[in-house]
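Structure at a glance
Letter by letter, the chains look like this.
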Amino acid sequence: AHKFIRPYALIWGFSKFHTWVDSTGLQSSWRAALVVLWKMWGWQGKVTASEVAIVHRRLLFVDFERQAERSHALKLSRIPCYVAWATNDGLIEAELSHQLSQSLPAGPRVVFA
């Protein structure tokens, strides 16, 4: 869950490393090792190592440290924000989704079961 990936600097470094390994011949071994590691940590998500690799590449573009600042700027702009969340989201838990939706301007809020 999202609490698991804090601190953010650690996840950024891990994502950078993961992306680098994916560009080498170690990709298959690396992904297999990650699956074993996740299971040891109690990961119960139904995602593949390939899907996680995609997420890691995308995480490199997320600036978690500035999220509160950006949410505040959006709230001041009063531009409606659409927030969607799925109950089976393995990365963002319900508490964080709620906090995010509350920190943004009003707009549609959708929860997928």
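Everything below is about the structure shown above.
Before going into details, it helps to say that this report is about the structure given with it. (Residues numbered from 1 in each chain as written. Predicted model: local features only at pLDDT ≥ 70, side-chain atom pairs only at ≥ 80, totals over all residues. Heavy atoms only, no water.)

**Section: a nonpolar patch on the surface**
The grouping of V36, M40 and W41 at the surface amounts to a nonpolar patch, some 370 Å² of accessible area in total. Counting through the fold element by element, W41 comes out in the loop between α2 (27-40) and α3 (49-59). (Patch = residues over 30% accessible without salt bridge, like charges linked within 9 Å, V, L, I, M, F, W, Y side chains within 5 Å. Areas by Shrake-Rupley, 256 points an atom, 1.4 Å probe, with all protein chains shown as cover. Salt bridge = Lys/Arg side-chain N within 4 Å of Asp/Glu carboxyl O. Helix = DSSP H or I, 4+ residues; strand = E, 2+ residues; numbered from the N terminus.)

**Some points on the pattern of salt bridges**
Overall, the coordinates contain three salt bridges when judged by the stated rule. For R57, the salt bridge is made with D22, and the minimal N-O distance between the two is 3.6 Å. On the criterion of sequence distance, the pair formed by R57 in helix α3 and D22 in helix α1 (residues 8-22) is long-range, its members being 35 residues apart. Between E69 and R66 there is a salt bridge, with the nearest N and O atoms lying 3.0 Å from each other. By sharing partners, the salt bridges in this structure join D22, R31 and R57 into a single network.

**Observations concerning the packing of α1 against α2**
The contact between α1 and α2 brings their axes to 8 Å, and the two run at 140°. Taken together, α1 and α2 sit at an angle that is classed as oblique. Along the contact surface, α1 presents F14, F17, H18, V21 and D22, while α2 presents Q27, W30, R31 and L34. For the contact of α1 with α2, a count of residues per class yields five nonpolar, two polar and two charged. (Axes fitted to C-alpha atoms, helices over the stretch in contact; angles between N-to-C directions. Parallel < 35°, antiparallel > 145°, perpendicular 65-115°, else oblique. Contact = heavy atoms within 4.5 Å. Nonpolar A, V, L, I, M, F, W, Y, C, P; charged D, E, K, R; others polar.)

**A short note on α3**
For α3, every residue scored as buried is listed here: A49, V52, A53, H56 and L59. On an axial view of α3, the arc spanned by its buried residues comes to 120°, and they lie on one face. Taken together, the buried residues of α3 touch α1 and α2. (Buried < 20%, exposed > 50% of the residue type's maximum accessible area, 1.4 Å probe, protein only. Arc of directions from axis to C-beta.)

None of this, on its own, says anything about what the molecule does.
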